[in-house]
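Close look at the chain arrangement
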Amino acid sequence: MGVFSIRNLTFMLIIVLLVWCSNIETCNARRVGRRWRKSRRASDSLTKKKGKNYGSNHHKSIGGKSKQKVPSPPPLPPPASGPKKSKPVTPPEKGGDHSPSSIVFNVLHFGAKGDGSTDDTKAFQATWAAACKVEASTINVPSGYVFLVGPISFSGPYCQHNIVFQLDGKIIAPTSSKAWGSGLLQWLSFTKLVGITVKGSGTIDGSGAVWWQDSPYDDPIDDESKLIVPINSTVAEKPPIPLRGSLGGKMPSIKPTALRFYGSFNATVTGITIQNSPQCHLKFDNCIGVSVYNISVSSPGDSPNTDGIHLQNSKDVLIRSSNLACGDDCVSIQTGCTNVYIHNVNCGPGHGISIGGLGKDNTKACVSNITVRDINMHNTMNGVRIKTWQGGSGSVQGVQFSNIQVSEVQLPIVIDQYYCDKSKCGNQTSAVALSGINYANIRGTYTVKPVHFACSDSMPCTEVTLAGIQLKPLQERYHMYDPYCWQTFGELYSPAVPPIQCLHIGKPLSNKIHRVTDSC
């Protein structure tokens, strides 16, 4: 009984203790809750006060009532102010139809009008000045516009490389004599550049008619015209009445080349048309690495001295896949040219493809490694020709004319070492030496003389070879002649039509020893 009582008492004490501890924790929790609620009320009250103050300071409406709004964003900053200009400068374009990495400078963005009457020369100058500083940049002359541009030089040597002149519009030359002063040798000139390219579907028009007829007596004559005698002895027609410049006054006697490249490396011209140049249409002087393809040259057959392409002191030249129609040589190869390759060219009207005239005024001339093949010639004075002046020195060697198709050509094959573009020239002993001249597969029709070889007495032509010559006469309005040879030595590798019996087979008995000055 006593044991049971002690156990019961102990059990009751434990229960009482647990109940007491539970009451203490509940009280503590209540105290913490009261403190947390008080803190929350104070926080809410503070927030409401801040809201009232913010609204009253930043949002006031008519009538004095405040209204909460989402604050509007701050205004954008004004554009940065730059130097004041009369017209905003349009930044260069990028990409487009040109190379993705190319920066494009459009002449219209530099003030060009392109209306055919406003002088756009300064706009073109400004465009070039900007493009010159950027490597591989593009100058865009857009289609649908006609730009009147006076004499201008797009020049280095401090310009960046690989600039592209994208010509899709039309550029015309001024017809006012005032624009040309006392006379200039070129109109559009690219000078001392590396990797320059002129390309596009556009046109360069030299407005040549006013020049051709303004000084009809000043132009030299082609010496081969003396060989062409009409059947009916007719008096030469008088030149037409000279035209005048559009603003009056006679045009200068010095006529400009339409497009000229000087002192440049890796120059390319492709796609464009050059027409009605006052003199030469396209000229390369002192250039290395020239490529001309898919171009057209167009001027009347009687326009004086309007060579299609003129090469001088240039090497590593490729001319191909082009149409050349002009009043003088379709291609003229002058002194200092080497490694020239011309193929797949249509020539006519014109005076054919010529090397020379060389050695004028007792000068030294050096030409070597020239290949002309796969050419169509129609209605030209000459076919393939070499012409030198008496009194010159130097040499022409390593020339190949092959696969030349001629149609109604007056003189298909010509070597003339007595060339003279005046009424009379004095006889001189020295001459440019010609050797290694090869003719192969020259076929078609002629209207005056099939072959004319007039070599120097003192320096005969040597190593002249002919193979596959098939030329048939076509009677027109001129006296016709048999093949002619003078002091010409070489080989005839196959029967020719007509027979070329005048060629001396082999070498001359006493070959002249070249002077030191003759060496190239």
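Residues numbered from 1 in each chain as written. Predicted model: local features only at pLDDT ≥ 70, side-chain atom pairs only at ≥ 80, totals over all residues. Heavy atoms only, no water.

The name that an unreviewed UniProt entry assigns to the protein chain is Pectin lyase-like superfamily protein, with the source organism given as Abeliophyllum distichum.

1. Comments concerning the pairing of strand S26 (residues 411-416)
Our working rule: When accessible area is computed with a 1.4 Å probe and restricted to protein chains, residues below 20% of their type maximum are described as buried, those above 50% as exposed, and intermediate ones as partly exposed. Starting at the N terminus, helices and strands are each numbered in turn, a helix being any DSSP run of H or I of at least four residues and a strand any DSSP run of E of at least two. DSSP bridges decide pairing: two strands pair if at least two such bridges lie between them.
Extensive coverage of S26 is indicated by the burial of 6 of its 6 residues. Direction of pairing for strand S24 (residues 382-388) relative to S26: parallel, over a ladder of 5 bridges. In the strand pairing of S26, Ile386 is matched with Ile415. Bridge count for S26 against strand S28 (residues 451-454) is 4 bridges, and the pairing is parallel. Bridged to Val414 within S28 is His452.

2. Let's talk about the side chain of Ser322
Note the cut-off: Pairs of N or O atoms are called polar contacts if they sit within 3.5 Å, as long as, within protein, a hydrogen donor faces a hydrogen acceptor (for residues adjacent in sequence, only side-chain-to-side-chain pairs). Contacts were defined at the residue level, with two residues in contact if any of their heavy atoms lie within 4.5 Å.
For Ser322, the location among the structural elements is in strand S19 (residues 315-325). Classification of Ser322 as buried rests on a relative accessible area of 1%. Polar contacts involving the side chain of Ser322 include one to the main-chain amide nitrogen of Asn294, which spans 3.3 Å. Ignoring any residue separated from it by four or fewer positions in sequence, one finds Ser322 in contact with Tyr293, Asn294, Ile295, Asn344, Val345 and Asn346.

3. A short note on the state of the cysteines
The term disulfide refers to a covalent linkage connecting the sulfur atoms of a pair of cysteines. Our working definition: Defined by distance alone, a disulfide is two cysteine sulfur atoms within 2.5 Å.
Going through the model one piece at a time under the given rule, you end up with 6 disulfides. In this model Cys330 forms its disulfide with Cys347; the gap between the sulfur atoms is 2.0 Å. The chirality of the disulfide connecting Cys330 with Cys347 is right-handed, given an S-S dihedral of about 80°. Here Cys330 is found in the loop between S19 and strand S20 (331-333), whereas its partner Cys347 is found in strand S21 (residues 337-347), with 17 residues between them in sequence. Each member of the pair, Cys330 as well as Cys347, is classed as buried. Disulfide pairing places Cys420 opposite Cys425 at an S-S distance of 1.9 Å. Judged by the sign of its S-S torsion, about 75°, the cystine formed by Cys420 and Cys425 is right-handed. Residue classification places Cys420 among the buried residues on the basis of a relative accessible area of 4%. Owing to a relative accessible area of 25%, Cys425 belongs among the partly exposed residues under this scheme. Numbered in order of appearance, the disulfide-bonded cysteines of the protein chain are paired 1-2, 3-4, 5-12, 6-7, 8-9, 10-11. Cys287 takes part in no disulfide bond, and the closest cysteine sulfur, belonging to Cys337, lies 10.0 Å away.

4. A short note on the packing of aromatic side chains
Put simply, the rule is: Two rings from Phe, Tyr or Trp (for Trp, the six-membered ring) form a pair when their centres sit within 6.5 Å of each other. Planes less than 30 degrees apart are called stacked, planes more than 60 degrees apart edge-to-face, and all others tilted. A ring is scored as having a charge over it whenever the NZ atom of a lysine or the CZ atom of an arginine sits within 6 Å of its centre and within 35 degrees of its normal.
A complete count under the given rule lists 14 aromatic pairs for this structure. Over the aromatic face of Tyr293 sits the side chain of Arg320, whose NZ or CZ is 4.5 Å from the ring centroid. Just above the ring of Tyr481 sits the side chain of Lys449; from NZ or CZ to the centre is 5.6 Å.

5. Examining helix H2 (residues 121-131)
Here is the rule we go by: This arc describes the spread of directions from the helix axis toward the C-beta atoms.
All buried positions along H2 are accounted for by Thr121, Ala123, Phe124, Thr127, Trp128 and Ala131. Angularly, the buried residues of H2 cover 165° about the axis, an arc narrow enough to put them on a single face.

6. Here's the deal with the sheet that holds strand S30 (residues 484-486)
Within a beta sheet, neighbouring strands are joined by backbone hydrogen bonds and run either parallel or antiparallel to one another. Note the following rule: In this analysis, axes come from line fits to C-alpha atoms, helices being fitted only over the stretch in contact, and the angle between any two N-to-C directions falls in the range 0 to 180 degrees.
The 11 strands lie next to each other as S6-S9-S12-S15-S18-S20-S22-S24-S26-S28-S30, forming an open sheet whose pairing is parallel. Edge positions in the sheet fall to strand S6 (152-155) and S30, since each has one partner strand and no second. On average, adjacent strands in this sheet sit at an angle of 15° to one another, irrespective of strand direction. The sheet contact formed by strand S12 (residues 257-262) and strand S15 (residues 282-285) spans 4 bridges and is parallel. Across the sheet, Arg260 pairs through a bridge with Lys283, a residue of S15. In the packing of H2 onto the sheet, contacts are made with S6 and strand S9 (186-191), and the angle to S6 comes to roughly 5°.

7. Looking at the pairing of strand S16 (residues 288-293)
Of the strand pairs in this sheet, strand S13 (residues 265-270) and S16 are connected by 5 bridges, and their pairing is parallel. Residue pairing for S16: Ala267 is matched across the bridge by Val290. In the sheet, S16 pairs with S19 via 5 bridges, with the strands oriented parallel. Bridging from a neighbouring strand, Val292 pairs with Ile319 of S19.

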